[in-house]
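Residue-level structure breakdown
Listed below, chain by chain, are the residues.
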Amino acid sequence: MPVGAVVVDASGRELASATNAREALGDPTAHAEVLALRAAALVQQGEHADRGWRLEGCTLAVTLEPCTMCAGAAVLARVDRVVFGAWEPKTGAAGSLWDVLRDRRLTHRPEVVGGVRENACSELLRGWFRGAAGPHGPDR
């Protein structure tokens, strides 16, 4: 599925990127956001041992609104900002179905910017769904 994510630092330098690999890895947690956050945290630890895994000052950008798991991972990683393209009314956790990222009960709330290049991201996803729906349907 064409969901991609990238983590950039405060200067705009790419720390890590990933695509959805749930089926390829046989891992239900292998969403693009989780994989990119994991990889970026390793880079961050190598470059700034004093910060550890915290991705403060970083932005997570993704083609599709994060689900609950991915929104939670972004909060726990302490990213400053989450930017996404297409809204996901069925599972979105950045304002569509839930709003995990801005939940006032959490100790960290990243800035959320949704709908960036929404038409291009939506069309990419729609095109994939039109061509990829197999016997079990499309998979996020």
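Before reading further, recall that the structure is shown in the block above.
Fair warning: this is a prediction, and the values are worked out from it, not measured in the lab.

What counts as what
Residues numbered from 1 in each chain as written. Predicted model: local features only at pLDDT ≥ 70, side-chain atom pairs only at ≥ 80, totals over all residues. Heavy atoms only, no water. Helix = DSSP H or I, 4+ residues; strand = E, 2+ residues; numbered from the N terminus. Rg over C-alpha atoms; globule rule 2.2 N^0.38 Å. Buried < 20%, exposed > 50% of the residue type's maximum accessible area, 1.4 Å probe, protein only. Disulfide = S-S within 2.5 Å. Pairing = 2+ DSSP bridges. Core = buried A, V, L, I, M, F, W, Y, C linked by side-chain atoms within 4.5 Å. Contact = heavy atoms within 4.5 Å. Salt bridge = Lys/Arg side-chain N within 4 Å of Asp/Glu carboxyl O. Axes fitted to C-alpha atoms, helices over the stretch in contact; angles between N-to-C directions.

1. A look at the overall build of the protein
Check the secondary structure of the protein and you find 4 helices and 5 strands. In sequence order, the secondary structure elements of the protein are arranged as β-β-α-α-β-α-β-β-α. Rg of the C-alpha trace for the protein: 15 Å, near the compact-globule value of 14 Å for 140 residues, within the 12% margin. Considering only C-alpha atoms, the protein reaches an extent of 50 × 30 × 25 Å along its principal axes. Burial analysis of the protein (140 residues in total) assigns 41% to the buried set.

2. So, the state of the cysteines
Think of a disulfide as a covalent bridge from one cysteine sulfur atom to another cysteine sulfur atom. Taken as a whole and assessed by the stated rule, the structure comprises 0 disulfides. Free cysteine: Cys67, not disulfide-bonded; nearest cysteine sulfur from Cys70 at 3.7 Å.

3. What about the pairing of strand β1 (residues 4-8)?
Successive side chains on a regular strand alternate, one facing one side of the sheet and the next facing the other. Of the two faces of β1, the one holding Ala5 and Val7 is buried and the one holding Gly4, Val6 and Val8 is not buried anywhere. Across 5 bridges, β1 lies against strand β2 (residues 14-19) in antiparallel orientation. Looking at β2, one finds that Ala5 is bridged to Ala18. The antiparallel pairing of β1 with β2 creates a hairpin that spans 5 residues between the two strands, and Gly12 there sits at a positive phi of about 90°.

4. Points about the nonpolar core
Counting 33 residues, the largest nonpolar core has Val7, Leu37, Leu55, Ala74, Val79 and Leu101 as the members making the most contacts within it. When residues of this core are traced back to their parent elements, those giving at least two are β1, β2, α2 (32-47), β3 (59-64), α3 (68-77), β4 (81-86) and α4 (118-132). Per-element accounting of this core gives the leading share, 5 residues, to α2. Apart from the residues lying within four places of it in its own chain, the contact partners of Val7 are Arg13, Glu14, Leu15, Ala16, Ala36, Leu37, Ala40, Leu55, Cys58, Thr59 and Leu60.

5. Remarks on unusual backbone geometry
The phi dihedral of Arg78 falls on the positive side, at around 65°, and the residue is not glycine. Mapped onto the fold, Arg78 is located in the loop between α3 and β4. For Arg78, a relative accessible area of 24% translates into the label partly exposed. Notably, Arg117 is not glycine yet its phi reads approximately 55°, a positive angle. With a relative accessible area of 63%, Arg117 lands in the exposed category.

6. A short note on the pattern of salt bridges
The tally for this structure, following the rule as stated, stands at 6 salt bridges. In this structure, Glu123 and Arg130 form a salt bridge, with 2.8 Å as the shortest nitrogen-oxygen distance. Overall, the relative accessible area of 38% leaves Glu123 in the partly exposed class. Where salt bridges share partners, they join Glu123, Arg126 and Arg130 into one cluster.

7. Looking at the sheet that holds β4
The sheet built from 5 strands is open, its strands ordered β2-β1-β3-β4-β5 with mixed pairing. For this open sheet the edge positions go to β2 and β5 (111-113), each flanked by a neighbour on one side alone. Neighbour-to-neighbour, the strand axes of the sheet open up by a mean angle of 15°, direction not taken into account. The strands touched by α2 within the sheet are β1, β2 and β3, with β2 carrying the most contacts at an inclination of about 155°.

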